[in-house]
Structures are given as structure tokens and as C-alpha cells.
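# Chain and residue survey
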Amino acid sequence: MAEITPMDKIVSLCKRRGFVFPSSEIYGGLGAIYDYGHYGTLLKNNIRDAWWKAMTQMRDDVVGLDSAIFMHPKTWAASGHIDSFEDPQVDCKKCKSRFRADHILEEFGIGADKMPVDSINKELDKLRKEKKLKCANCGSTELTEARRFSLMVKSNLGSPTDELKEENVVYLRPETCGGIYLEYKNTLDSTRMKLPFGIAQVGKAFRNEIVARQFIFRTREFEQMEMQYFLHPDQMKEKYAMWKDLRWQWYFEYGMSENDIRWYKHKKLAHYASEAYDVEFNFKSLGGFKEIEGIHARGNWDLSQHSKFSGVDLAYFDEKTKEKFIPHIMETSAGLNRLFLMFIDQAYTEETIGENETRMVLKLDRRLAPIKIAIFPLLKNKPELVAKAREVYDSVKSKFMCEFDDNGNIGKRYRRQDEIGTPYCVTIDFETLEKGAVTVRDRDTMKQESVKVEDLNEYFKEKLVK
Ligand code: GAP
């Protein structure tokens, strides 16, 4: 029997407990597209809110934006995406599987990041001669040469006649920062912001990924959390270090340790960039460190290109120094779905309890947990217990995301909430009716304590609100 991998366990948990489902499953699914169920939506929203709070609420120098997915086609010509946002693709002639050629080379220890296709083909030829080049799916040695494959997703927005003309093709944005660059001037003109300042946004992005077989790690529709920080070039060194540190601390605040994350310094930089680091997380489910966020010093490339292509002057005039210049940009860009996988991967715990029972528990940070408190009447068939449990539920649900559960025995209900990652379970029993006290059980320690009903809101405020 095939071994059950850490990824199998996570995929199974996500489906079983309603975190993530393959999209359009009743029609056989749609490659690398996923839907988020009740608990998945709550967890994803909580991660997004934690990021948003750190990046906007806690910062006087960052404002928010929610720009449209569709943008003027010239946006992507200016950014270089139409010409060069592509990956090298290799096909198996026998089973028709498709692979990223740079990923094949990386498996042989050959760094192929941003390597031109000609050079990739030379490296593939060497492996072919050594009889090392094989299809990872069927083992055939019949693999095609590498070819460029655009990652841009086209749409037919507009009238049918427009569709025929190349200049009228509209793309689904491949990254959210494009909208930030286009709204830089409106934001500057409509807020009291002065350089240095940032614009943050969270939203969907679309990429026609060639191989997307790592669950929600690499998908064709995903969400990014991006912040573009506009500054004078002289401020880049200091602000880059500041944001690098702030983003690093954010991961620690939400439970990561030195063993979980590390920095990856880019060896090859885009011609306009002066510095680029990625935060990588050590995924158990993916067998090692993988990128979750990029922090890049992008020079003034973006605004210069959009100035050039739009004909609108995007230069900044500094009232104090009387200097006019195109702002430079420092970017932080994290994938919301990747962080979702990261938090589940890190929180997924199997513990042996008692003689031979295994408990599966998601030890999520309390602020991220989809459900904060589950409320149980001890017995479903005792109306007085159910009524009291409903009363307790009603008194806390307006302040915390709660769930009422009267299904199955208490042990089963605890296991279910452990798998969802619920930090606290509250049981209403006969003592509640007699003495007005409930039993609160802690997810991680499994310890139970008695708390007066009238003290519950204050008790949870202390535990859950930071
Ligand atoms: N604006 C810069 C930018 O988009 P990127 O490295 O291509 O840079 C940033 O993407 C982040 O977006 C990545 O670190 C990753 O977390 C996430 N991301 C990129 N492609 C993704 C995909 N196909 N599926 C899920 N997340 C993705």
C-alpha cells in the first residue's frame, strides 16, 4: 500500500473538515483551482486580516486599495509581462504530461532561475545524452525541447469584433501590484501622504501555471497580499532593512520559529532591482523550504514604465527639497493561499493520548483559528441543557466566532473541534444548571477548568483578544 504522505494528510483534512475543496469537483475538477469551504474561508480571512492590520492599521505610512482585476491592456505591456512573463515548458510525447524545464534542471542541482530557453535546452541535451532525462510520470525518455509558455490569462472582455484585435485583449491580472502603480497618483492626490509611504492591497491574481500539482501552493487563481512602498532612492537601504525586519517579525508573532522560516537571497536580479530576498517556509507537506513571500527593491522601473506608456507624468515633487523625481519602490508580496498552507502545515499535529489513541489537532494561533469557541450541551436529549447551552452561545457569539454542537458524544465533539483548530470548547452540564458554571477545555493542553457563565465574556477576552 502506498505510504500516506504529510501532504495526503493535509489534503484529506482540508476536504474532510471543509477547509478546501477541488473546484468544480462534480464535473471532474479544474486543474489547480480550489474552493474554500466554511472553515477555510474563515481561516483565510483571519490571515488576511492579520496581514492587513499589521500593514495598514498599525502603520501611519500605509494606506489601502482595492483595485480591479481587469486593467488597461497597456498596463501589462508597460510592466513587461506580455513580452516576458513566461516559463519554459517541456512535454512528454508519450503520456502528454507537462513539466517546467527549469524545475527539471533544479532537480539535477542546476540552478535555472531566469535562464534563457536556449541555455535550458543545452542543459537538457546533456541530461538526454547521459540518459538521465525521463518523464516523472511515465518514465519515457521522449521529452520535447523546452518552449516558452506565457503565464498571462486572456479574457474576451469587450465586443466580439474587438476580440479579433491583439491590442484589445484584456488580461486577468497576474499580480495585484499593477493596480497599485496605476492608482499611485490618485492615492497621492487624494490622501495626505508624502514620501515615503505605501499602498497595500489584497486580491486575486491569475497565472496560467504549467505545472500546478502542489495542492494550494501553486494554483492558477490565487490571492496576493502586496504592499508597494514609494520612496526617494536615498531612503531605500534603510526602509528595505526596516520592512525586511517587520515582515520577518510578523511571522514570529504568528507562531513561526527560526526552524520554520529562512531568508533566500536572489542571486540573479531583474535589471532594475537592487535587492531581492524571499521568505521561505519549511513545508512538511512539500518536503522542504519553499517561497512564501518576496521582498524586493524594484528601483523606479514600475512608475517610469507607466509614465512612459501612459504619457502621464508620475514624478513626485518634494516641497522641502524642491527635487522632482520618479519614486523608487520597495515591495512586499505574499501569497495568501501559500500562507494558508503554511499555517496548516505548521499547526498540523498528531499526538498519542492514552494507550493507543491518536489525536489530530490543528494548533493554530488563536487569532487565526476559524472558530474560537465551540459550545456543547452535555446531552442532546435534555431540553434544559440544550436551552442553557443556546443561551450561553447567544451571549458570546456576537463577540467571538462560535459554533454550537450537540452531535455525538463529547469525546467526538472535542476531536472534531481539535481538527478544526478551535482553541476552546465549553460544555454545559448539570452543574451549570445548579451552580451557573461551565467547563472550558483548552485545545492544546486539554486541561479543563470551571468558569462562571457571567464571567465567560471577560475570560475569553483575556484569552483571545491581543
Ligand atoms: N509582485 C511581485 C510578485 O507577484 P511573485 O514572486 O511572482 O512576485 C509573490 O509572487 C507571491 O505570490 C509569492 O511569494 C507566492 O507567495 C505568491 N504566488 C505566486 N504565484 C503563485 C501561484 N501560482 N499560486 C499561489 N501563490 C502564488
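Residues numbered from 1 in each chain as written. Predicted model: local features only at pLDDT ≥ 70, side-chain atom pairs only at ≥ 80, totals over all residues. Heavy atoms only, no water.

### Digging into the site of the ligand
For clarity, the cut-off: A single heavy atom is enough: if one lies within 4 Å of a molecule or strand, its residue is considered near that molecule or strand. Counted as a polar contact is a pair of N or O atoms within 3.5 Å, where, for protein atoms, one must be capable of donating a hydrogen and the other of accepting one, and residues adjacent in sequence contribute only when both atoms are in side chains. All accessible-area figures derive from a Shrake-Rupley calculation using a 1.4 Å probe, and residue coverage is judged against the displayed protein chains alone. Here a helix means four or more residues in a row that DSSP labels H or I, a strand means two or more in a row labelled E, and each is numbered from the N terminus. The classification used treats Ala, Val, Leu, Ile, Met, Phe, Trp, Tyr, Cys and Pro as nonpolar, Asp, Glu, Lys and Arg as charged, and all other residues, Gly among them, as polar.
Around the ligand lies a shell of 18 residues, among which Glu 175, Glu 209, Glu 226, Glu 291 and Ile 292 are the nearest. Within the side chain of Glu 175, an N or O atom sits 2.8 Å from a nitrogen atom of the ligand. Separating a nitrogen atom of the ligand from a side-chain N or O atom of Glu 331 is a distance of 2.9 Å. In isolation the ligand has 550 Å² of accessible area, and contact with the protein removes 91% of it. Sorting the residues of the shell around the ligand by element identifies β10 (221-231), β13 (288-297) and β16 (328-335) as the ones contributing at least two each. Per-class residue counts for the shell around the ligand are five nonpolar, four polar and nine charged.

### Some words on a nonpolar patch on the surface
Note the following rule: Within this analysis, patches are made of residues with over 30% relative accessible area and no salt bridge. Like charges are joined at 9 Å or less; nonpolar side chains (Val, Leu, Ile, Met, Phe, Trp, Tyr) at 5 Å or less. Only one rule defines a salt bridge in this text: a Lys or Arg side-chain nitrogen within 4 Å of an Asp or Glu carboxyl oxygen.
Where nonpolar side chains cluster on the molecular surface, the patch consists of Leu 379, Phe 430 and Leu 433 and spans about 220 Å² of accessible area. Mapping Leu 379 onto the fold places it in the loop between β19 (373-377) and α13 (383-396).

### Digging into the domain arrangement of the protein
When the parts come together, some accessible area is lost, and that loss is often what is quoted as the size of the interface. Threshold: What counts as a domain boundary in this text is fixed by an automatic or database domain assignment.
We note that the domain assignment places domain 1 (6-73 + 154-345), domain 2 (86-150) and domain 3 (371-464) within the protein. Relative placement of domain 2 and domain 3: their C-alpha centres are 55 Å apart.

### Side note on the nonpolar core
For the record, the criterion: Only buried Ala, Val, Leu, Ile, Met, Phe, Trp, Tyr and Cys residues count toward a nonpolar core, and they belong to the same one when joined by side-chain atoms within 4.5 Å. Exposure classes here rest on a 1.4 Å probe applied to the protein chains alone. A residue is buried below 20% of its type maximum, exposed above 50%, and partly exposed in between. Contact criterion: two residues are considered in contact whenever any of their non-hydrogen atoms come within 4.5 Å of each other.
Within the largest apolar cluster, 58 residues are counted, with the highest numbers of intra-cluster contacts made by Phe 19, Ile 47, Tyr 251, Leu 339 and Phe 343. For this core, the leading source of residues is helix α12 (residues 336-347), giving eight residues. Filtering out sequence-adjacent residues up to four positions away, Tyr 251 remains in contact with Met 256, Ile 261, Val 279, Ile 292, Glu 293, Ala 334, Leu 339 and Met 342. Ile 373, Tyr 393, Val 426 and Leu 456 belong to the second-largest nonpolar core, a separate cluster that totals 21 residues.

### Here we look at the packing of aromatic side chains
Spelled out, the test is: Think of it this way: a Phe, Tyr or Trp ring, Trp meaning its six-membered ring, pairs with another when their centres are within 6.5 Å, and the plane angle makes it stacked under 30 degrees, edge-to-face over 60, tilted otherwise. Only lysine NZ and arginine CZ atoms are considered, and such an atom sits over a ring when it is within 6 Å of the ring centre and within 35 degrees of the ring normal.
On inspection of all chains with the given rule, the structure shows 24 aromatic pairs. Judged by centre distance (5.1 Å) and plane angle (85°), the rings of Tyr 36 and Phe 340 are edge-to-face. Remark: Phe 340 occurs in helix α12 and Tyr 36 occurs in strand β2 (residues 34-36); sequence separation between them is 304 residues. Taking relative accessible area as the criterion, Tyr 36 reaches 18% and is therefore assigned buried. Note on Phe 340: relative accessible area 1%, which makes it buried. Here the aromatic rings of Tyr 229 and Trp 243 are separated by 5.4 Å at their centres, their planes lie at 65°, and the arrangement is edge-to-face. Pair noted here: Tyr 229 is in strand β10 and Trp 243 is in helix α10 (residues 236-253), with a separation of 14 residues, a long-range link. Here Tyr 229 and Trp 243 have matching classes, each one buried. An aromatic cluster is present here, built from Trp 248, Phe 252, Trp 263 and Tyr 277 joined pairwise through their rings. Cation over ring: Lys 244 sits above Tyr 277, and NZ or CZ is 4.0 Å from the ring centre.

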